[in-house]
Amino acid sequence: MLNAAPAIPRLGIPAYDWWNETLHGVARTPFKTTVFPQAIAMAATFDKNSLYKMADYSALEGRAIYNKAVELKRTNERYLGLTYWTPNINIFRDPRWGRGQETYGEDPYLTATLGDAFVKGLQGDDPKYLKAAACAKHYAVHSGPESLRHTFDVDVTPYELWDTYLPAFKKLVTESKVAGVMCAYNAFRTQPCCASDILMNDILRKEWHFDGYVTSDCWAIDDFFKNHKTHPDAESAAADAVYHGTDVDCGTDAYKSLVSAVKNGKITEEQINISVKRLFLIRFKLGMFDPVSMVKYAQTPSSVLECEEHSNHALKMARQSIVLLKK
């Protein structure tokens, strides 16, 4: 349940790192990939079909990279997996926030439309297997001063919550069938987002019936007891996050305290099993435990990496993104 999941040799399960990025092309890999315009520029194209194609091409390149990782026995390395923590569908309202360029801007409708196209392009249309797993982030109401993002306690009106900050998340969960959701660093109405009764339990799981996996933003569980000061220690923070449906701790050690949390009666092993089942279901949907011959995406050749077709589309999107301002 840490992003760097170790191998389980007795079950023949290889190590896997959940942390990967493909905001505008597969990022941070040791292999050459096609780089598309930044997200805020792609939003300026106002072209959902272009964005769909970009996500489709990115997933193909990601598959080629993962296939190489399997071949080289490097699935334990970060940035080589198939679980991409993208798209960023936060509403960009505060210029002091350092992640605004990752978003599709300030409009809820445009953000939802482009996010939907991205998820469908990335995850593919195979009835059995995911081409790759998208992740809607950062859930939710996550646009504020950069310096306060680990301590910020947000409260907005119900109208703002439902009309501005949640529409894109709702669409991606209920219509696009996004595989993952990332909960945000900030708190919402006094509770850290990754342990929010309203956001995680009431809305995401109960109202929207989300059955995919949730990852924390990186080291967000540590924020519970180090920055928000809502929990006394890692054990309490980890248990509360899992009870609220946060399946992956992107971090180094907070969820390691779950072992002692079970022994001390703070959480049950059955509750942990719920998260573990969600995580393995995603890996099964990605075809990680099936023969290559059964999974068409597992046969994606390395020749797709930075190929001419993909480069031409990146150039097209760059031209589409140009905006002329009239003084």
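A brief report on the enclosed structure follows. If you're wondering where the values come from, they're calculated on a predicted model, not measured in any experiment. (Residues numbered from 1 in each chain as written. Predicted model: local features only at pLDDT ≥ 70, side-chain atom pairs only at ≥ 80, totals over all residues. Heavy atoms only, no water.)

**Points about helix α11 (residues 308-320)**
Thought 1: Here α11 spans 18 Å end to end across 13 residues, near enough to the 18 Å set by a 1.5 Å rise per residue.
Thought 2: For α11, the set of buried residues is H310, H313, A314 and M317. Angularly, the buried residues of α11 cover 105° about the axis, an arc narrow enough to put them on a single face. Summarising the geometry of α11, the exposed residues directed more than 90 degrees from the buried face are E308 and R319.
Thought 3: On its buried face, α11 is in contact with α1 (39-43) and α2 (48-71). (Helix = DSSP H or I, 4+ residues; strand = E, 2+ residues; numbered from the N terminus. Expected span 1.5 Å × (residues − 1). Buried < 20%, exposed > 50% of the residue type's maximum accessible area, 1.4 Å probe, protein only. Arc of directions from axis to C-beta. Contact = heavy atoms within 4.5 Å.)

**Some details on the sheet that holds strand β4 (residues 153-154)**
Thought 1: Pairing in this open sheet of three strands is mixed, and the strands run β4-β6-β7 from one edge to the other. Of all the strands in the sheet, just β4 and β7 (191-192) have a single pairing partner and so form its edges.
Thought 2: Sheet topology note: the strand β6 (residues 187-188)/β7 ladder contains two bridges and is antiparallel. The partner of A187 across the bridge, within β7, is P192. (Pairing = 2+ DSSP bridges.)

**Notes on empty space enclosed by the protein**
Thought 1: In the structure shown here, the tally under the stated rule is one cavity of 30 Å³ or more.
Thought 2: Every residue along the wall of the largest cavity is listed here: V141, H142, S143, G144, P145, R149, F152 and N186. (1 Å grid on protein atoms, 1.4 Å probe; cavity = no way out; pocket = protein on both sides within 12 Å on 5 of 7 lines; lining within 4 Å. Points joined across faces, edges and corners; volume = space filled by probe spheres on them.)

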